[in-house]
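As a plain string of letters, each chain reads:
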Amino acid sequence: MNAVFVLGLAILVIGVLSVAFVRPKTYVARLINLEIPAWGLLLVMLAYDEALALLTFVAVTAISTFVIVRLMEWRDASC
Amino acid sequence: MIVALEVAFGLVALLGAVSTALVRDSYGKVISLGILVAGIVPFIVDRGYLDVAIAVSLIAPIATIFILMVVRREQA
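Parameters and conventions
For every chain, the first residue of the written sequence is number 1, and numbering continues from 1 along that sequence. Starting at A for chains and at 1 for ligands, labels are handed out in the order in which the entities are written. Note on the predicted model: pLDDT of at least 70 is required for a residue's local features to be given, and 80 or more for side-chain atom pairs to be given and counted; whole-chain, interface and lining totals, by contrast, use all residues. With hydrogens and water set aside, each side-chain value is computed from the structure's full complement of heavy atoms. Known as pLDDT, the predictor's per-residue confidence is scaled from 0 to 100. Helix and strand definitions here come from DSSP, where helices need a minimum of 4 consecutive H or I residues and strands a minimum of 2 consecutive E residues; each element is numbered from the N-terminal end. UniProt positions are given in the numbering used here, feature names are shortened, and annotations may be inferred rather than shown by experiment. Any two residues whose heavy atoms approach within 4.5 Å are treated as being in contact. Summed over both partners, the accessible area (1.4 Å probe) lost when two parts come together is defined as the buried area. Counted as salt bridges are all cases of a side-chain nitrogen of Lys or Arg within 4 Å of a carboxyl oxygen of Asp or Glu. Gly falls in the polar group here, along with every residue not listed as nonpolar (Ala, Val, Leu, Ile, Met, Phe, Trp, Tyr, Cys, Pro) or charged (Asp, Glu, Lys, Arg). Exposure above 30% relative accessible area and the lack of any salt bridge qualify a residue for a patch; like charges then connect within 9 Å, and the nonpolar side chains Val, Leu, Ile, Met, Phe, Trp and Tyr within 5 Å. Accessible surface area values rest on a Shrake-Rupley calculation with a 1.4 Å probe, where residue burial reflects the displayed protein chains alone. The span one expects for a helix is its residue count, reduced by one, times 1.5 Å. The classification of residues rests on relative accessible area computed with a 1.4 Å probe and restricted to protein chains. Under 20% of the type maximum is buried, over 50% is exposed, and intermediate values are partly exposed. What is meant by a nonpolar core is a set of buried Ala, Val, Leu, Ile, Met, Phe, Trp, Tyr and Cys residues, joined one to another through side-chain atoms within 4.5 Å. For Phe, Tyr and Trp, rings pair up if their centres lie within 6.5 Å, where Trp contributes its six-membered ring, and each pair is then called stacked (planes under 30 degrees apart), edge-to-face (over 60) or tilted (otherwise).

Labelled according to an unreviewed UniProt entry, chain B appears under the name DUF2108 domain-containing protein, originating from Methanoculleus oceani.

An unreviewed UniProt entry lists chain A under the name DUF2107 domain-containing protein, from Methanoculleus oceani.

Residues and elements named next belong to chain B. Residues at a pLDDT of 70 or more form 99% of chain B, whose mean pLDDT is 90. Averaged over each element, pLDDT in chain B is lowest for helix 3 (residues 50–75) (86) and highest for helix 1 (residues 3–22) (93). Listed scores for the predicted complex are pTM 0.87 and ipTM 0.87.

Let's shift gears to the UniProt feature "transmembrane region" (unreviewed entry) in chain B. Residue and element names in this part refer to chain B. In this structure's numbering, the residues bearing the UniProt feature "transmembrane region" (unreviewed entry) are residues 30–45 and 52–71. End C-alpha atoms of residues 30–45 are separated by 23 Å, and the span's content is 100% helix alongside 0% strand. For residues 52–71, the end-to-end C-alpha separation is 28 Å, with 100% helix and 0% strand making up the annotated structure.

This paragraph deals with the interface of chain A and chain B. Contacts between chain A and chain B engage 37 residues on the former and 34 residues on the latter. Taken together, both faces of the contact between chain A and chain B bury some 3300 Å²; the carbon and sulfur share is 79%. Where chain A meets chain B, there are two salt bridges. With its nearest N and O atoms 3.5 Å apart, the salt bridge here joins A:Glu73 to B:Arg73. Taken together, the residues that form the side of chain A that touches chain B break down as 26 nonpolar, five polar and six charged.

Take a nonpolar patch on the surface next. A cluster of nonpolar side chains, A:Val13, A:Leu17 and A:Phe21, forms an exposed patch at the surface whose accessible area comes to about 330 Å². As for its position among the elements, A:Val13 is in helix 1 (residues 3–20).

As a further point, take helix 2 (residues 27–47) of chain A. Look at helix 2 of chain A: 31 Å from first C-alpha to last across 21 residues, which is about the 30 Å you get at 1.5 Å a residue. Extensive coverage of helix 2 of chain A is indicated by the burial of 15 of its 21 residues.

Judged by nonpolar contacts, the single largest core of 37 residues is most densely connected at A:Ile11, A:Leu42, B:Leu36, B:Ile40 and B:Ile44. Mapped by element, the contributors of at least two residues to this core are helix 1, helix 2 and helix 3 (51–78) of chain A together with helix 1, helix 2 (26–46) and helix 3 of chain B. With nine residues, the single largest contributor to this core is helix 2 of chain A. The residues touching A:Ile11, leaving out its near neighbours within four places in the chain, are A:Ile36, A:Gly40, A:Leu43, B:Ala13, B:Leu14, B:Ala17, B:Leu36 and B:Ile40.

Once that is clear, we can look at the packing of aromatic side chains. Evaluated as defined, the whole model comprises two aromatic pairs over all chains. Note on A:Phe5 and A:Tyr48: the rings are 6.4 Å apart at their centroids and 90 degrees apart in plane angle, and the pair reads as edge-to-face. Taken together, the positions of A:Phe5 in helix 1 and A:Tyr48 in the loop between helix 2 and helix 3 put the pair 43 residues apart, joining distant regions of the chain. Pairing A:Phe66 with B:Phe66 gives two aromatic rings, centres 4.5 Å apart and planes at 55 degrees, and the pair type is tilted. Placement of the pair is A:Phe66 in helix 3 and B:Phe66 in helix 3, with the two residues belonging to separate chains. Exposure remark for A:Phe66: the relative accessible area of 31% places this residue in the partly exposed category.

Before going further, it helps to examine the environment of B:Val23. Residues and elements named next belong to chain B. Secondary-structure assignment places Val23 in the loop between helix 1 and helix 2. On the accessibility criterion, Val23 (29% relative accessible area) is partly exposed. The spacing of Val23 and Ile54 is 31 residues in sequence and 29 Å in space, taken between C-alpha atoms. If sequence neighbours within four positions are ignored, Val23 has contacts with Gly28, Lys29 and Ser32.

Following this line, the structure appears as structure tokens:
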């Protein structure tokens, strides 16, 4: 198997476990931990040679992070 | 890639992931995320996807800046 593929799967598993069992049980910690499986998934997708999929995934991950941060700020301000 | 470099960058990426998962401070988590990115970008460059490397290098700090906004708001 490819080394990139194996490394991506390992980081994906670490990230999923860290998001599921987050230690300071806050939204911010969960959001930061959510970045780990995104990078693992990026490495797994790197094993299949599709540049457009990689670009789309990176862009959509950044935009969704922006939206979630805005949502968290709005929620904290409202309560 | 050279095997030694591959092992070194893979180790950097794995240690970044583990430390991001285990560190409890939010700022520490963001800094560990930078280590994770630093370990992963050389693999993207090694495959020859320089456009993807450019996009990742530009977009990843922007996401970090947005996370820092909400972390500062929470700790203030």
